[in-house]
Amino acid sequence: NAVTIAGSGDTVKLAPGEYLENVLFNHDSLTLLGDTAGIAIVNGNNTERCFIIDSSQVDIFNISFTNGSVQTWPKNGSGIRYNESIGKVKGCKLYENNSTAEGTGAGGIGISYSNVDIDSCEIYENSAADIGGGISYIWASGEVTNTKISSNIAYGTDLRGGGGVAIWHSNVSL
């Protein structure tokens with residue numbers, strides 16, 4: 001796995017194709033670059049999150065994420081989870097990712113205690129049992145620009161809600 005052997009500051013290029021992956025990132029910094037046609041697809045195989053980014057700086061460009069799943073703690077972010085991290089997500093698609101356990105959030109991208117900007121992405125048909133079917137920012141900051149967020153759902157009755165986007169104790173510009 002190229003991510004495992006990459007050094008801090010490296011760029012990992014994903015060739016077109018489908019990758020059955022559940023990856024934990026804990027590099028100082030890393031850039032993941034897919035092809036501009038969006039044919040590099042990370043498939044979580046409905047077993048776990050596609051990517052977990054923990055205490056890192058990770059920028060992601062032109063990659064699709066699907067079939068990520070969260071069923072246990074920490075319960076945020078089935079496609080991509082940023083925790084105590086910094087990053088950019090640009091030109092990506094996140095679809096059909098699901099957080100199903102009680103109290104879970106962010107089927108698409110879950111951002112906690114992090115600063116993450118999202119630009120020129122498509123986030124659709126993701127679901128969460130509680131908050132933020134598409135995106136959740138929890139104790140976080142960032143900017144969401146030029147991004148289409150549609151057909152996401154949060155099933156819970158929690159007042160934080162947000163089928164498309166949930167922002168809780170965060171500073172986010174939409």
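Residues numbered from 1 in each chain as written. Predicted model: local features only at pLDDT ≥ 70, side-chain atom pairs only at ≥ 80, totals over all residues. Heavy atoms only, no water.

### Thoughts on the environment of Ser 120
Part 1 of the argument: Tracing the chain through its elements places Ser 120 in the loop between strand 15 (115-119) and strand 16 (122-124).
Part 2 of the argument: Along the primary structure Ser 120 and Asn 62 are separated by 58 residues, whereas in three dimensions their C-alpha atoms are 9.6 Å apart.
Part 3 of the argument: Setting aside its immediate chain neighbours within four residues, Ser 120 contacts Lys 90, Gly 91, Cys 92, Thr 145, Asn 146 and Thr 147.
Part 4 of the argument: A distance of 3.2 Å separates polar atoms of two side chains, one belonging to Ser 120 and the other to Asp 119. (Helix = DSSP H or I, 4+ residues; strand = E, 2+ residues; numbered from the N terminus. Contact = heavy atoms within 4.5 Å. Polar contact = N/O pair within 3.5 Å; in protein donor to acceptor, adjacent residues only side chain to side chain.)

### Description of the state of the cysteines
Throughout this description, disulfide means a covalent bond between two cysteine sulfur atoms.
Part 1 of the argument: Applying the stated criterion to the full structure yields zero disulfides.
Part 2 of the argument: In this structure Cys 50 is a free cysteine whose sulfur lies 11 Å from that of Cys 92, the closest cysteine sulfur available.
Part 3 of the argument: By relative accessible area, Cys 50 is classed as buried at 0%.
Part 4 of the argument: In this structure Cys 121 is a free cysteine whose sulfur lies 4.8 Å from that of Cys 92, the closest cysteine sulfur available. (Disulfide = S-S within 2.5 Å. Buried < 20%, exposed > 50% of the residue type's maximum accessible area, 1.4 Å probe, protein only.)

### With respect to the pairing of strand 4 (residues 29-33)
Part 1 of the argument: Of the pairings in the sheet, the one linking strand 1 (residues 10-13) to strand 4 comprises four bridges and is parallel in character. Looking at strand 4, one finds that Val 12 is bridged to Leu 32.
Part 2 of the argument: Both strand 4 and strand 7 (residues 57-61) contribute to a ladder of five bridges, which runs parallel. Within the sheet, the bridge partner assigned to Leu 33 lies in strand 7 and is Phe 61. (Pairing = 2+ DSSP bridges.)

### With respect to the side chain of Asn 126
Part 1 of the argument: Within the secondary structure, Asn 126 is located in the loop between strand 16 and strand 17 (127-128).
Part 2 of the argument: For Asn 126, a relative accessible area of 1% translates into the label buried.
Part 3 of the argument: At 3.3 Å, the side chain of Asn 126 forms a polar contact with the backbone nitrogen of Glu 96.
Part 4 of the argument: At 2.9 Å, the side chain of Asn 126 and the backbone nitrogen of Asn 97 are in polar contact.
Part 5 of the argument: Setting aside anything within four residues of it in sequence, one finds Asn 126 in contact with Leu 94, Tyr 95, Glu 96, Asn 97, Gly 107, Gly 108, Gly 133, Gly 134, Ser 151, Asn 152 and Ile 153.

### So, the sheet that holds strand 3 (residues 23-25)
Part 1 of the argument: Taken together, six strands build an open sheet; the order of strands is 3-6-10-14-18-22 and the sheet is parallel. Because the sheet does not close on itself, it has two edges, and the strands there are strand 3 and strand 22 (165-168). Taking the axes of each pair of neighbouring strands and ignoring which way they run, one obtains an average angle of 5° across the sheet.
Part 2 of the argument: In terms of strand pairing, strand 18 (residues 135-138) meets strand 22 through four bridges, oriented parallel. Bridge pairing in strand 22 links Ser 136 to Ala 166. (Axes fitted to C-alpha atoms, helices over the stretch in contact; angles between N-to-C directions.)

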